[in-house]
Amino acid sequence: MVMDGHINAAFNLPITVAFCLTLVVVCGGYSRHGSRRLPDDLLLGAATASYQIEGAWDADGKSENIFDYAIHNQPCYAIDCSNGDVAANSYYLYKRDVEMLRELGVNFYRFSLSWTRLFPTSFTDKINKAGVEYYNNLIDELLKNNIQPVVTLFHWDMPQKLQQLGGWLNNNIVDWFGDYAEAVFVLFGDRVKYWITVNEPFQICEFGYGNAILIPALNLTGEADYICTKNLLLAHARAYHVYDELFRPKQDGIIFITISTEWFEPADNSNIEAANDANQFWWGIYAHPIFSKHGDYPRIIKERVALKSRVQGLPRSRLPELSPDEIKYIHGSSDLFGLNHYSSAIAYRNASTYYYYSSFTGPSHDADAGYMSYKPPEWKIGESDRTMYAPWGFSKILAYIRNVYNNVPVFITENGFASHGGLVDDDRVTYYRGYISAMLDAIDEGSYIIGYTAWSLMDNFEWWNGYRENYGLYEVDFNDTSRPRTPRKSAYVYKEIIRTRTLDMNYEPDMSIPLTFDLL
Ligand code: NOJ
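The following paragraphs examine the structure supplied in this document.

### Brief notes about the overall build of the chain
Part 1: When helices and strands are counted, the chain shows 18 helices and 15 strands.
Part 2: A compact globule built from 520 residues would reach a C-alpha radius of gyration of about 24 Å, and the chain, at 23 Å, matches this within 12%.
Part 3: Taking the principal axes of its C-alpha atoms as reference, the chain extends roughly 80 × 60 × 45 Å.
Part 4: Counting the 520 residues in the chain, one finds 59% classified as buried.
Part 5: Carbon together with sulfur atoms contributes 54% to the accessible area of the chain, which is approximately 20,800 Å² in total.
Part 6: Computed over 44 positive and 63 negative side-chain charges, the inter-centroid distance for the chain is 2 Å.

### A word on the sheet that holds strand 3 (residues 108-112)
Part 1: Spatially, 2-3-4-5-6-8-11-12 is the arrangement adopted by the 8 strands of the closed barrel, whose pairing is parallel. Strand-to-strand, the axes of this sheet are offset by a mean angle of 25°, without reference to chain direction.
Part 2: Relative to strand 6 (residues 254-260), strand 5 (residues 194-199) is paired through 4 bridges, and the arrangement is parallel. Paired with isoleucine 196 across the two strands is phenylalanine 256, which belongs to strand 6.
Part 3: On the sheet, helix 6 (residues 129-144) packs against strand 3 and strand 4 (148-154) and is oriented at approximately 170° with respect to strand 3.
Part 4: Strands strand 4, strand 5 and strand 6 of the sheet are contacted by helix 8 (residues 173-188), whose axis makes an angle of about 160° with strand 4.

### Some details on the pairing of strand 6
Every regular strand shows the same layout, with side chains that alternate between the two sheet faces.
Part 1: Counting buried positions along strand 6 gives 6 out of 7 residues, so the element sits mostly inside the fold.
Part 2: Sheet topology note: the strand 6/strand 8 (residues 337-340) ladder contains 4 bridges and is parallel. Its bridge partner being in strand 8, serine 260 is matched across the sheet by asparagine 340.

### As for the side chain of glutamate 496
Part 1: Relative to the elements of secondary structure, glutamate 496 occurs in helix 18 (residues 489-500).
Part 2: Residue classification places glutamate 496 among the buried residues on the basis of a relative accessible area of 15%.
Part 3: Excluding anything up to four places from it in sequence, glutamate 496 contacts Arg501, Thr502 and Tyr507.

### Topic: the environment of lysine 193
Part 1: Relative to the helices and strands, lysine 193 resides in the loop between helix 8 and strand 5.
Part 2: Expressed as a C-alpha distance, the spacing of lysine 193 and glutamine 148, which sit 45 residues apart in the sequence, is 7.9 Å.
Part 3: The residues contacting lysine 193, other than those within four sequence positions of it, are Pro149, Gln251, Asp252, Gly253 and Ile254.
Part 4: Within polar-contact distance, the side chain of lysine 193 engages the backbone oxygen of glutamine 251 at 2.8 Å.

### Quick look at helix 3 (residues 66-73)
Part 1: For helix 3, the complete set of buried residues consists of Ile66, Phe67, Asp68, Ala70 and Ile71.
Part 2: Against helix 2 (50-53) and helix 7 (160-164) lie the buried residues of helix 3.
Part 3: Where helix 3 begins, the side chain of asparagine 65 points an oxygen toward the backbone nitrogen of phenylalanine 67, at a separation of 2.9 Å.

### Quick word on the side chain of arginine 488
Part 1: With respect to the helices, strands and loops of the structure, arginine 488 is situated in the loop between strand 14 (485-487) and helix 18.
Part 2: Residue arginine 488 is classed as buried on the basis of its relative accessible area of 0%.
Part 3: Ignoring sequence-local partners within four residues, the contact set of arginine 488 consists of Gly421, Gly422, Leu423, Asp425, Arg428, Asp459, Asn470, Gly472, Leu473, Tyr474, Glu475 and Met511.

### Comments concerning the packing of helix 9 (residues 201-210) against helix 11 (residues 272-291)
Part 1: Between helix 9 and helix 11, whose axes approach to 9 Å, the crossing angle comes to 125°. Between helix 9 and helix 11, the interaxial angle falls into the category oblique. Read as a crossing pair, helix 9 and helix 11 show a hand that is right-handed. Together, Pro201, Phe202, Gln203, Cys205 and Phe207 of helix 9 and Phe281, Trp282 and Tyr286 of helix 11 make up the contact between the two elements.
Part 2: Tallied by class, residues from the contact of helix 9 with helix 11 come to 7 nonpolar, 1 polar and no charged.

### Here's the deal with the nonpolar core
Part 1: Ranked by internal contacts, the top residues of the largest apolar core, which has 156 residues, are Trp168, Trp283 and Phe337.
Part 2: Per-element accounting of this core gives the leading share, 13 residues, to helix 10 (residues 224-251).
Part 3: Apart from the residues lying within four places of it in its own chain, the contact partners of phenylalanine 337 are Ile257, Ile259, Trp283, Ala287, Phe291, Ile401, Tyr405, Val408, Pro409, Val410 and Phe411.
Part 4: If you look at the next biggest cluster of nonpolar residues, it comprises 8 residues, including Tyr194, Phe256, Leu336 and Phe411.

### Topic: the sheet that holds strand 10 (residues 372-374)
Part 1: The strand order across the open sheet formed by 3 strands is 7-9-10, and the pairing between neighbours is mixed. This sheet does not close on itself; its edge strands, each paired only once, are strand 7 (263-266) and strand 10. Sheet twist, expressed as the mean angle between neighbouring strand axes with direction ignored, is 40°.
Part 2: Pairing analysis gives 4 bridges linking strand 7 to strand 9 (residues 344-348), with the strands arranged parallel. For proline 266, the partnering residue across the bridge sits in strand 9 and is alanine 347.
Part 3: Packing against the sheet, helix 11 makes contact with strand 7 and strand 9, and its axis sits at approximately 170° to strand 7.
Part 4: Most of the contacts of helix 16 (residues 391-404) go to strand 7, to which it runs at about 100°, and overall it touches strand 7 and strand 9.

### Quick notes on the site of the ligand
Part 1: As a structural note, the neighbourhood of the ligand is formed by 13 residues, with Gln52, His155, Asn199, Glu414 and Glu462 the closest of them.
Part 2: The side chain of glutamate 414 places a nitrogen or oxygen atom 2.7 Å from an oxygen atom of the ligand.
Part 3: When isolated, the ligand has an accessible area of 290 Å², and the protein chains bury 97% of it.
Part 4: In the shell around the ligand, the residues fall into 5 nonpolar, 4 polar and 4 charged.

### Regarding the pattern of salt bridges
Part 1: Following the criterion strictly, the structure yields 33 salt bridges and no others.
Part 2: Here arginine 402 and glutamate 445 are joined by a salt bridge, their closest N and O atoms 3.4 Å apart. Taken together, the positions of arginine 402 in helix 16 and glutamate 445 in the loop between helix 17 (426-444) and strand 12 (449-455) put the pair 43 residues apart, joining distant regions of the chain.
Part 3: Under the relative-accessibility criterion, glutamate 445 is labelled partly exposed at 49%.
Part 4: Among the ionic pairs, arginine 428 bridges to aspartate 425, the shortest N-O distance being 2.8 Å.
Part 5: Given a relative accessible area of 0%, arginine 428 falls into the buried group.
Part 6: By relative accessible area, aspartate 425 is classed as buried at 6%.

The rules behind these values
Residues numbered from 1 in each chain as written. Predicted model: local features only at pLDDT ≥ 70, side-chain atom pairs only at ≥ 80, totals over all residues. Heavy atoms only, no water. Helix = DSSP H or I, 4+ residues; strand = E, 2+ residues; numbered from the N terminus. Rg over C-alpha atoms; globule rule 2.2 N^0.38 Å. Buried < 20%, exposed > 50% of the residue type's maximum accessible area, 1.4 Å probe, protein only. Areas by Shrake-Rupley, 256 points an atom, 1.4 Å probe, with all protein chains shown as cover. Lys, Arg positive; Asp, Glu negative; His and termini not counted. Charge placed at Lys NZ, Arg CZ, Asp CG, Glu CD. Pairing = 2+ DSSP bridges. Axes fitted to C-alpha atoms, helices over the stretch in contact; angles between N-to-C directions. Contact = heavy atoms within 4.5 Å. Polar contact = N/O pair within 3.5 Å; in protein donor to acceptor, adjacent residues only side chain to side chain. Parallel < 35°, antiparallel > 145°, perpendicular 65-115°, else oblique. Left-handed = near helix turned anticlockwise from the far one by under 90°. Nonpolar A, V, L, I, M, F, W, Y, C, P; charged D, E, K, R; others polar. Core = buried A, V, L, I, M, F, W, Y, C linked by side-chain atoms within 4.5 Å. Near = heavy atom within 4 Å. Salt bridge = Lys/Arg side-chain N within 4 Å of Asp/Glu carboxyl O.

Written out as structure tokens, the structure reads:
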């Protein structure tokens, strides 16, 4: 029987679907229960950050950053009264760290620079040789093993001196950060080809300035957070332009910002606006100025904060506006969209929320945003409620970036699971499989994803959760002064994903075989 192509395709579709469903074979490279191919050019890696792993807080000329200072003055900042003075001791154990990366077979390692280890005065007048040597050694050791360094300039450990000068609230931070970035490109840019300017702006400004979860814990909601936002965006853009104009022509790398967010899903159709507000107030406020068609803050945020400020009797908006030149300066200032993602939430707004928000007269970021959110208990796998399992949210956020920000290339710079210890971390394995699969869904739908990063290479100082929440592919024994690292089951599984470039939902590693088996 002769059919034209159109009828033929329509005719065959149900058969193809039935075939895929019954045989669970790889249809389009995919089977939820079997295995799924990862794109050949997708970079796979693991990440850490300086304060969380390095330790050596005052070694060889390093000066204090805000976490050193604050925790030494308030020893029970973290729930277990711990600190990063020694942490995983990576300042001394970096060779073992690189060995672990070799064991995993990663393409890259994302780590951050400690500003005060390199520049103890905070400024570039004095370069600390020992700090430079440490990072040179790490970078060289990585490259020797064919692992690309992906380097974050700022992962929260602001020099204490700059904090005393206001930190992200002082507009001079744009110059200070620009000078620091320039000095770093001179020192390491011959070998580092991937730069991240700032890690997680929302968490810096909201958790550190708007409330007191992170240091410097200013707790000035609806005011300090917005000032921080503006200065941070400008400082990020400064580092981008310095690299783009002065270094890229010679060093030929890429530079981008990493934004972290949950995906906010509307509770139902009547809450679509509430969920949109949540997404805008968490991350649109950073993504829109850089990645949208025309730049600037999202209109909804500008109008809402301006209106509330007026009602509060203020002469101007608590969200300092961006001038036309500043909008231009920030717009497009990132080669990629760096994305950290861990979980999602359900957003809603109801009569009592309305009452609360409309009757709230003082400045408040939450009141400006005007939504409530929750995570259904059934999303919980494992012991921690920080990484509630909702992998579909990952696909949704990637789809949003694809559709709203013109399919900008995305580098997933963090994704991972919190546990309370143990080597047989089946929940983490489930989490990684679910989230990597969700990422592959997005790729199938057309998202342009160039890299995926597991957080974290090893257990580390988890900020206000101290050492109680662990994210490591490798477990670190913090009770042993030599800080031994041991691969968890998830390390075996991630290694196999990297080795085969296949996500095999059923792979069961033999943990009695050392992870080094193919390196010997
Ligand atoms: C995001 C941060 O960048 C990182 O420092 C932190 O440890 C992880 N999320 C897990 O909370």
